[in-house]
Amino acid sequence: MSFEETGSSMNAETFVVEKQSREESLSDCVRDALNSYFAQLDGHAGANNLFQLVMEEVERPLFQTVMEHTHGNQTRAAAVLGISRSTLRKKLAHYDI
């Protein structure tokens, strides 16, 4: 998910939600983004594959950030994430990271 300080918009690939507070937890940010998404749908169909959309919006920056934090060390990154290195490699390939 993408969070910005100003404005609020939605398209089929990205959630953007206005930040209410710098102290919001990740779950609060996700809840805000989903509420904004549903509000912007305004009763129109379009909430298809929502689970996949949310997971991709969360996983991509998660893996990018952890890989930066571990300076590209996949063994350390997998340990930080609590997943196997083979799972990490599959996810990195999926997201072209």
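As the structure is a prediction and not an experimental result, all values here were calculated from the model.

Draft legend 1. Seen up close, the nonpolar core. In terms of nonpolar packing, the biggest core is built from eight residues, these being Phe63, Val66, Met67, Ala77, Ala78, Leu88, Leu92 and Tyr95. Elements that contribute at least two residues to this core include exactly α2 (50–69), α3 (74–81) and α4 (85–94). Broken down by element, this core gets its largest block of residues, three residues, from α2. Discounting chain neighbours no more than four positions away, the residues touching Ala77 are Val66, Met67, Thr70 and Leu88.

Draft legend 2. Expanded view of the environment of Thr65. Tracing the sequence through the fold places Thr65 in helix α2. Along the chain, Thr65 and Ala77 lie twelve residues apart, while their C-alpha atoms are 9.7 Å from each other. Looking at Thr65, its side chain comes within polar contact range of the main-chain oxygen of Pro61, at 2.7 Å.

Draft legend 3. Seen up close, the packing of aromatic side chains. Applying the stated criterion across every chain, the model contains two aromatic pairs. Here Tyr37 and Phe38 contribute two aromatic rings whose centre-to-centre distance is 5.6 Å and whose plane-to-plane angle is 70°, an arrangement assigned as edge-to-face.

Draft legend 4. Up close: α3. Of the residues that open α3, the one with a side-chain oxygen 3.0 Å from the backbone nitrogen of Thr75 is Asn73. Positive backbone phi, at 75°, marks Gly82, one or two positions downstream of α3.

Draft legend 5. Expanded view of the packing of α2 against α4. With their axes 10 Å apart at the nearest point, α2 and α4 run at an angle of 110° to one another. In terms of orientation, α2 and α4 fall into the roughly perpendicular class. The two elements α2 and α4 cross, and the hand of that crossing is left-handed. Across from Glu56, Glu59, Phe63 and Met67 in α2, the residues of α4 making contact are Leu88, Lys91, Leu92 and His94.

Thresholds applied
- Residues numbered from 1 in each chain as written.
- Predicted model: local features only at pLDDT ≥ 70, side-chain atom pairs only at ≥ 80, totals over all residues.
- Heavy atoms only, no water.
- Core = buried A, V, L, I, M, F, W, Y, C linked by side-chain atoms within 4.5 Å.
- Buried < 20%, exposed > 50% of the residue type's maximum accessible area, 1.4 Å probe, protein only.
- Helix = DSSP H or I, 4+ residues; strand = E, 2+ residues; numbered from the N terminus.
- Contact = heavy atoms within 4.5 Å.
- Polar contact = N/O pair within 3.5 Å; in protein donor to acceptor, adjacent residues only side chain to side chain.
- Phe/Tyr/Trp six-rings, centres within 6.5 Å; stacked < 30°, edge-to-face > 60°.
- Axes fitted to C-alpha atoms, helices over the stretch in contact; angles between N-to-C directions.
- Parallel < 35°, antiparallel > 145°, perpendicular 65-115°, else oblique.
- Left-handed = near helix turned anticlockwise from the far one by under 90°.

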